[in-house]
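# Coordinate inspection notes
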Amino acid sequence: MSTILRTEKLRVEFRSREMRQATKIALCGLDLEVGTGEVFGFLGPNGAGKTTTMNVLLGFVPPTSGAAYLFGIDVRQPIARQRIGYLPELTYYYKFLTAEELLRFYAKIFGLPRAVADQRIPELLKLVELEGAAKRPIKSYSKGMQQRVGLAQALINDPDLLILDEPTSGLDPLGRMKVREIIQRLKNEGKTVFFSSHELGEVESVCDRVAIIHQGELKALGRVADITGTHANLEKAFLAIIGFQLQPVS
Amino acid sequence: MKNIFAVAGVVIKELYRRKDFYVLFIVTILICLVMASINIYDDANIVRYLKEVSLDLIWICSLVVAVTTTARQIPAERENRTLLPLLAKPLTRTQLILGKFLGCWLACGMALLCFYVFFGALAASREHEHWPLLNYFQAAVMHWFMLGIIVALSLLGSLVFAAPSSNSTICAVIIGGILFVGRHLDQQALALREPTRAIVNALYFTIPHLEFYDLRDLVIHNWPLIAWKYIGLALLYAAGYMAVFLLGACLVFRRKAVN
């Protein structure tokens, strides 16, 4: 199994205006390795540094020190993003475009030939059950539909690595099930999925390995069963790892 | 190159799907139509006057379209966070800037073409002697290249000033200042003492002289054509300024965090 995603002593610091230019450490020496065909869960409480890690991997934020690689290529090179698909936490798409136009636009950015795009776009719209709404502007879509457009755009280039930032956030149970199905399907196709989530039950059911970060530091990394260990489930293990004490209800 | 054209295509689509653009367009055309319907004593000077007012209106409208459209491009992408899925693709930031520039400039060009065709038809209906097509062509091309400088400047401004409104206002003030005061700076410098004189002189030679591109009189008074070599030089001068502003925009955007 070759490494598809790697971070080496990744450190990100922000200068916060609110803190009068004090430095906030978002990530502190993060070392991660994700292999081909893995479904990797990236967990942590809010503000732990999950989204910052993804932002570094996608080239949005430059690391203060350390390095990150996708397919062995430094993430600062745009070519590193040729074989990845990214689904942001919320729906950030051009609302004046239709789903079909949006997918065609992204297909052009990936340099897909027109014939391939013509074949792939209807397939994806069918996969996310939006074929009936393909010609409607995205602004007229419900939140769930917008999230499904997001999933379709993340798959437009048939990526080898899918980076999903809380893919089921804001979805109804049916939508969540659909996302889980797609992740499972991608796993069966040998694709790598790197995703963050607060839905620990979901993570437990689909992930091969998980990493837990807290306050920018890696606290645990391993197979789900190893991390769960003696705890009743992943949620209990997660709470113990981040040092949260359950208070007995009086 | 494909990526640049893809981004430009989306910019053009956005502009032509916005209602405020059509409102501006229709209002300009309506005012021009009303102006054209005025007929006092069949006097040629009145026709010239009407042409001047209509061209002024087209100039103001084109400046508003260029500044407001460009000023909001990158800030709106950041605010709506559409920049995230876009930059997660194999698209460089330079390609994004160039695509935005090309889209805005082409959109301005299309709007300008409509305005000039409409204005030309309107003028032709009032002046029956001849229709100076090449005068219109020279005026429109120079106008379009001037808008290119303004689009590039506004794009650079949008990376420095985060809010579209503040960027639009600052760009409008700078452009107004260049158009109305820029040409007189060298004369003003003569009356000043050093080092202010040197500073004003330096400013005179640094700013893009947008007044070179104002060929309204050529159309209004049906003056003889300007030699093409001078037009060519002016277009090269504009291209130089566009390149400088775009380079500045690329350098500013290159290291900017977009989270």
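To start, this report covers the structure provided alongside it. In this text the structure is predicted, and so the values were computed from the model without any measurement.

### Looking at the overall build of chain B
Each helix and strand counted, chain B has eleven helices and zero strands in total. Overall, the C-alpha framework of chain B stretches about 65 × 55 × 35 Å when taken along its three principal axes. In chain B, of all internal contacts separated by at least 6 residues, the share reaching a separation of at least 24 is 85%.

### Some points on the overall build of chain A
The helix and strand inventory of chain A stands at eight helices and ten strands. If one aligns the C-alpha atoms of chain A with their principal axes, the spans along those axes are about 55 × 40 × 40 Å. For chain A, the proportion of its 250 residues judged to be buried stands at 44%. The contacts in chain A between residues at least 6 apart in sequence include a share of 65% that link residues at least 24 apart.

### A closer look at the pairing of strand β10 (residues 217-223) of chain A
Residue and element names in this part refer to chain A. Taken together, the six bridges between strand β9 (residues 209-214) and β10 define a ladder with antiparallel strand orientation. Across the sheet, the residue bridging to I212 is A220, located in β10. Connecting the antiparallel pair β9 and β10 is a turn made up of two residues, with Q215 showing a positive phi of about 50°.

### Some remarks on the nonpolar core
Counting 140 residues, the largest nonpolar core has L102(A), A152(A), I163(A), C108(B), I150(B), V151(B) and A152(B) as the members making the most contacts within it. At 15 residues, the largest contribution of residues to this core is made by helix α6 (residues 133-160) of chain B. Those residues within four positions of C108(B) in sequence are excluded, and the remaining contacts are S62(B), V65(B), A66(B), L147(B) and V151(B).

### Observations concerning the environment of V64(B)
All names here are of chain B. You can see V64 is positioned in helix α3 (residues 44-80). Given 14 C-beta atoms within a 10 Å radius, V64 is considered partly exposed. Considered as a pair, V64 and G176 are 112 residues apart in the sequence and their alpha carbons are 11 Å apart.

### A few points about the sheet that holds strand β6 (residues 84-87) of chain A
Residue and element names in this part refer to chain A. A sheet is described by the order of its strands in space; here six strands give the open sequence β6-β7-β8-β3-β9-β10, paired in mixed fashion. In this open sheet, the two edge strands, each paired with only one partner strand, are β6 and β10. Adjacent strand axes in the sheet meet at a mean angle of 15°, parallel and antiparallel pairs treated alike. Of the pairings in the sheet, the one linking strand β3 (residues 39-43) to strand β8 (residues 192-196) comprises four bridges and is parallel in character.

### Concerning the pairing of strand β4 (residues 65-70) of chain A
Residue and element names in this part refer to chain A. Relative to strand β5 (residues 73-74), β4 is paired through two bridges, and the arrangement is antiparallel. Residue Y69 lies in a different strand from β5, and its bridge partner there is D74. Here β4 folds back onto β5, and the loop between the two strands holds two residues, one of which, F71, carries a positive phi near 55°.

Cut-offs applied
- Residues numbered from 1 in each chain as written.
- Chains lettered and ligands numbered in written order.
- Predicted model: local features only at pLDDT ≥ 70, side-chain atom pairs only at ≥ 80, totals over all residues.
- Helix = DSSP H or I, 4+ residues; strand = E, 2+ residues; numbered from the N terminus.
- Contact = placed C-beta atoms within 7 Å.
- Buried ≥ 20, exposed ≤ 12 C-beta atoms within 10 Å, placed from the backbone.
- Pairing = 2+ DSSP bridges.
- Core = buried A, V, L, I, M, F, W, Y, C linked by C-beta atoms within 7 Å.
- Axes fitted to C-alpha atoms, helices over the stretch in contact; angles between N-to-C directions.

Read these as spatial facts, not as claims about activity.
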